[in-house]
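Structural overview
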Amino acid sequence: MSNVVKIREVGLRDGLQLIKTNLSTESKLIWINKQVSAGFTEMEVTSFVPPKLLPQFSDASEIVIKSNKIKKLKPTALILNIKGAIRAIEAGTKKITFVLSASEKHNLSNVNCTTDQSLSMFNEIIQVSKDTKIEVAAAIATSFGCSIQGSVPEIRVLELAKEMASKGACEINLADTVGYANPKQVKALFGKLKNQIGNVPMAAHFHDTRGMGLANVVAALQEGVRRFDSTMAGLGGCPFAPGASGNIATEDCVYLLESLGFNTSVNVDKLLELRRYLTDLLPNEKLEGRLGVAGTAINFKKKLL
Ligand code: ZN
């Protein structure tokens, strides 16, 4: 199995959802450029949600247009409905991630419609995207449990995944929106998922709400997952899911993967430099992650790009 792992930075989307600081477009672009110079080729740079709901993303189109000019970067964006998809396509987004929730109650709270209605919308988005070169990834929120509904049946996650993979999703991403997953559950669900979606790549999106994030990464790796979402300094959380908190920290995740012998093509020192930039940029926010505090160990083999 491949030892190449792709980490997608989602700090400029998930990471900005719960913070109070409103980042300027210029600061976001500095962040993006620094992350690309550390070796990142895929970043979720924004979200095409109504700016009234989340003003952090009112510059979504501008961020995509400017990110498209950055060499080696594939900017991606999150969308929740057809309106968002059309805005993303018009801005020239290369890849969109459509999110629906396996928890009926979270889907209603997040996007105000049932999961089946979101699923029909996914099919519509696939049709709309057919005439473009845009890739459509599918993410299933609350795949491991929901703070509104409680437990989420595995079978529901698997049927949604199978349906969206068969309709043309370029990737199936299982998201632990409120940090309920544990490694045993992660192994079980991804173990079943790979038999349901053929050659469509699996991806994982973990929040570190209960300190299980990196352990869950290891469990997912064992089942063949080679794509992970994470956020610099562990920022993040869904504003429509009570109890949500930050994602796994990108710098910690890269450090873990490289220590295990996986190839992320990321320069950890440059990531720590970026973290220092974020510390100055977000003085009133609580930054998470251990590596930013401790630094790398003396026996860590530094990667030179
Ligand atoms: Zn998230």
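Data block above holds the structure.
Rules behind the numbers
Residues numbered from 1 in each chain as written. Predicted model: local features only at pLDDT ≥ 70, side-chain atom pairs only at ≥ 80, totals over all residues. Heavy atoms only, no water. Helix = DSSP H or I, 4+ residues; strand = E, 2+ residues; numbered from the N terminus. Buried < 20%, exposed > 50% of the residue type's maximum accessible area, 1.4 Å probe, protein only. Contact = heavy atoms within 4.5 Å. Donors = N, O, S within 2.8 Å, 3.2 Å for Na, K, Ca; no water. Disulfide = S-S within 2.5 Å. Core = buried A, V, L, I, M, F, W, Y, C linked by side-chain atoms within 4.5 Å. Salt bridge = Lys/Arg side-chain N within 4 Å of Asp/Glu carboxyl O. Axes fitted to C-alpha atoms, helices over the stretch in contact; angles between N-to-C directions. Parallel < 35°, antiparallel > 145°, perpendicular 65-115°, else oblique. Left-handed = near helix turned anticlockwise from the far one by under 90°. Nonpolar A, V, L, I, M, F, W, Y, C, P; charged D, E, K, R; others polar.

**Structural notes on the environment of Val217**
Mapping Val217 onto the fold places it in helix α8 (residues 213–222). Among the residues examined, Val217 registers a relative accessible area of 0% and is labelled buried. A sequence separation of 30 residues divides Val217 from Lys187, and the C-alpha atoms of the two residues are 9.7 Å apart. Beyond its immediate sequence surroundings of up to four residues, Val217 is in contact with Phe206, Phe228, Ile248, Cys253, Leu256 and Leu257.

**Regarding the coordination of the zinc ion**
Listed as protein donors to the zinc ion are Asp14 (OD), His205 (NE2) and His207 (NE2); their distances from the metal cover 2.0 to 2.1 Å. Donor residues binding the zinc ion come from one chain and are separated in sequence as D-x190-H-x1-H. Taken together, the residues span a long stretch of sequence, with Asp14 in the loop between β1 (6–9) and α1 (25–37) and His205 in strand β7 (residues 202–206) at a distance of 191 residues. For the pair shown, Asp14 and His205 are each scored as buried.

**Topic: the state of the cysteines**
This model, assessed by the stated rule, comprises zero disulfides. As a non-bridged cysteine, Cys170 has Cys253 as the owner of its nearest cysteine sulfur, 20 Å distant. No disulfide involves Cys238; its nearest neighbouring cysteine sulfur is the one of Cys146, lying 9.4 Å away. Take Cys238: its relative accessible area is 9%, and that puts it in the buried class.

**Some remarks on the nonpolar core**
In this structure, Trp31, Ile32, Met164, Ile172, Phe190 and Phe206 are the most contacted members of the largest nonpolar core, which totals 97 residues. The residues touching Ile32, leaving out its near neighbours within four places in the chain, are Leu12, Met43, Val45, Ile63, Ser67, Ile70 and Leu73.

**Quick notes on the pattern of salt bridges**
Summed over all chains, the structure comprises 19 salt bridges. Between Lys66 and Glu62 there is a salt bridge, with the nearest N and O atoms lying 2.8 Å from each other. Pair noted here: Lys66 and Glu62 are both in helix α2 (residues 60–67), with a separation of four residues, about one helical turn. Take Lys66: its relative accessible area is 35%, and that puts it in the partly exposed class. Arg227 is the partner of Glu171 in a salt bridge, and the nearest nitrogen-oxygen pair spans 2.6 Å.

**Examining the side chain of Asn107**
Take Asn107: it is sitting in helix α4 (residues 104–111). For Asn107, the residues in contact, after removing those within four places along its chain, are Leu100, Ser101, Asn112, Cys113, Thr114, Thr115 and Ser118.

**Observations concerning unusual backbone geometry**
One non-glycine residue, Thr142, lies in positive phi territory at about 50°. Within the fold, Thr142 resides in the loop between β5 (135–141) and α6 (154–167). Thr142 sits in the buried class, given a relative accessible area of 1%.

**As for the packing of α1 against helix α10 (residues 268–281)**
Closest axis-to-axis distance for the α1/α10 pair is 9 Å, and the angle between their directions is 165°. With respect to each other, α1 and α10 are oriented roughly antiparallel. Handedness of the α1/α10 crossing: left-handed. Contact residues: α1 offers Ser27, Ile30, Trp31, Lys34, Gln35 and Ser37, while α10 offers Lys270, Leu271, Leu274, Tyr277, Leu278 and Leu281. Its residues assigned to classes, the contact of α1 with α10 comprises seven nonpolar, three polar and two charged.

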